[in-house]
Amino acid sequence: MALFQSTVEKANAAWLANYTVGDKRWRLQQLHGLHRLVIDNRDAIVSSLAQESQQPAFLYEREIAVFVTDLQSYISKVNSNKFTSSCVRSTTFGPVTIQERPRGVCLIISNVQNFIRFGLAPLAASIAANNVTIMATSADHNNAFISLLSQKWGKYLSPNTLFLVPGISAADIKEDAINHIAVIDSSTATFSTILQYPETHFYSVAEGYNVAIIDEGKKDWETIAKQIYSSTANMKLPSDNLSAVFVRPEDVSELRNELRRQRATEKNSTDSNACQIPDCTSWDKDTFSLNSNWGEGSPGTTDSPLESKLRQTQAAGALLVVTVTSLEKALDLLSGLSSPILQVALLAPGSKRVVEYASRWTNAHTFSVGSIQSVLHPTFNTFISPEPLRPVFPTTLFSRAQIIATKSSEALPSSVPAIRASYEKLIPPLKPEPRGERIGFFTQAEYLIKGVVGTTTILAAVGLYFGAQSFKNRY
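S.K.: Describe the sheet that holds strand 5 (residues 162–165), listing the residues and the values that go with them.
M.R.: Judged by pairing direction, the sheet is parallel, and its five strands sit side by side in the order 5-4-3-6-7 without closing on themselves. Strands with a single pairing partner mark the edges of an open sheet, and in this sheet they are strand 5 and strand 7 (200–204). Looking at each pair of strands side by side, their axes are set apart by 15 degrees on average, direction ignored. The pairing of strand 3 (residues 105–110) with strand 6 (residues 180–185) spans five bridges and is classified as parallel. Looking at strand 6, one finds that Ile108 is bridged to Ala182.

Structure, rendered in C-alpha cells:
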C-alpha cells in the first residue's frame, strides 16, 4: 500500500509540473515508445502470454497486430490534432466546439488475462488523451508477462509520467489525488469497494455467448464450415470462441460432414481432451450435438436447459450444435439465456433480410451478417457514435469534455405571450397513419364487422333477386 501511495504522489507531482501537457511531443514520444516496447520484445511477450493461458502463440500475434493498428490510429489523431469537434449548435448555448481535455492522473486497473487488448490498449488511449497514467494489475511478478513488462518499462516509457504497479488490491486504492479510475475486469467482485467512487468507471469484459444461426436457403457449406471452424478452440482466444451453432434438422448432416473435412485439412487442427457432455452426441471431440431428449434442466439450478449445456461445453472448450426448426425458435432459446449474448452471426443466404427482425427480438451486443467476427466486448455503458469504434478504447474514455462557446445564443423574448409563440408551432401535430400501415385491434375489428355486414347484405340481395326471378318464371 505504501508503494502505491508513493506512486500516486509522484504521479500528482508530474501532473502539477505539466510534464504531459507542457510538452507537445510527449504523447508521440510515449506512443512510439510503447510501439517499440512491443515490437522489440514481441517474441518474449507472445511466448509468456501463450504459456500463461495455454493457448497457441499465433493467437497473440494476432492481438499484437490489432494493437499496433489501434496504436497507429492514436498517433494519427495526435499528429492531426483531432481533439476538437466541429462547430455544433446547442439549445442552451450558441454555436460551440467541444474539446477533449486530459483528466489528470488516470489509474487503469486491468484484471484480464489478455493484457495486450485490455491493458496496453487502454494505456495507449490514456497516453493519447495526455494523462499521467498509472497502469495497475492484480497479477504480480510471478506472472511472466508482468515480470517482462516491469523489466522493460523504464527503457521505453517515461518513468516520471507513466507508472506500472503489479500486485495491486482494492485495499491499496484511495480516491484522493486520482482524477479518473478505469477498472477493466470480468467481475465487479474484486474491486467492488472502489466502484462506489465517482471517479471510477467499470468496463466489463464478462464472458458471454458467441453464437451462429444457419437459417433456410441454399448454402455454401464449405465457406460456412471454414468460418465456424476458424472460430473454435485453438483457432481463437477463449473470449472469442464460438459457443453454439443453431442449424435446421435437414442441414445437420451437411454441417457435420463439412466440419470433419475442415478438421482434416487444417494444419493447426489439434484434438481436444476427450470429454462427455450429458444428452449430447460427440462429433469430433470438440464438437457436440444436442440429443432430442435435452429438454430437462439441471436439477437445483435456475439455468435454462440450453444454458446448462452451453456452460458445460464452454468449460470443455467445445462447440455446441443445436437443432432448431426455425429462426424464431433459435431466437426464443437465446432470449431465455441469463448470460450476455456477445454476438449473433447470421450465416444463411437470406440473412440480410432477417437481421432487422433478429436484432429487435434478441438483445445481442453485435450482429454479423454472412460472417463471424471477433467479439467486441461491451466495454461501453452508453450509446456511442460509430467514429470511436476504430480503436477498442477511444481516447474519449480517458478525456473530459470542454465546451467553447464562440457566439452568444439568440435572446428569448421577455413577455409570456412572445415566449409561448416562439415554440407554439415548433412541433407539428402527428400525421394520421396512412392506409395499409399497421392498425389497432379495434380498428381491425371494425373493418371485419363492416366487411361481414357488407358481404351478408350483398349475398342477401343476390338471393332475393334470383328468388324473385325463379318465382316469376314459375308463375
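S.K.: Would you mind going over the packing of aromatic side chains in detail, with residue names and values included?
M.R.: Under the defined criterion, the tally for this structure stands at two aromatic pairs. An angle of 55 degrees between the planes, with centres 5.5 Å apart, marks the rings of Phe115 and Phe145 as tilted. Placement of Phe115 in helix 5 (residues 115–128) and of Phe145 in helix 6 (residues 144–156) is noted, with a sequence separation of 30 residues between them. Judged by its relative accessible area of 3%, Phe115 falls in the buried class. Looking at Phe145, the relative accessible area reads 3%, which means it is buried. Just above the ring of Phe83 sits the side chain of Arg27; from NZ or CZ to the centre is 4.7 Å. The ring of Phe83 is capped by Lys77, whose NZ or CZ atom sits 5.0 Å from the centre of that ring.

Thresholds, definitions, all that
Residues numbered from 1 in each chain as written. Predicted model: local features only at pLDDT ≥ 70, side-chain atom pairs only at ≥ 80, totals over all residues. Heavy atoms only, no water. Pairing = 2+ DSSP bridges. Helix = DSSP H or I, 4+ residues; strand = E, 2+ residues; numbered from the N terminus. Axes fitted to C-alpha atoms, helices over the stretch in contact; angles between N-to-C directions. Phe/Tyr/Trp six-rings, centres within 6.5 Å; stacked < 30°, edge-to-face > 60°. Buried < 20%, exposed > 50% of the residue type's maximum accessible area, 1.4 Å probe, protein only. Lys NZ or Arg CZ within 6 Å of the ring centre and 35° of its normal.

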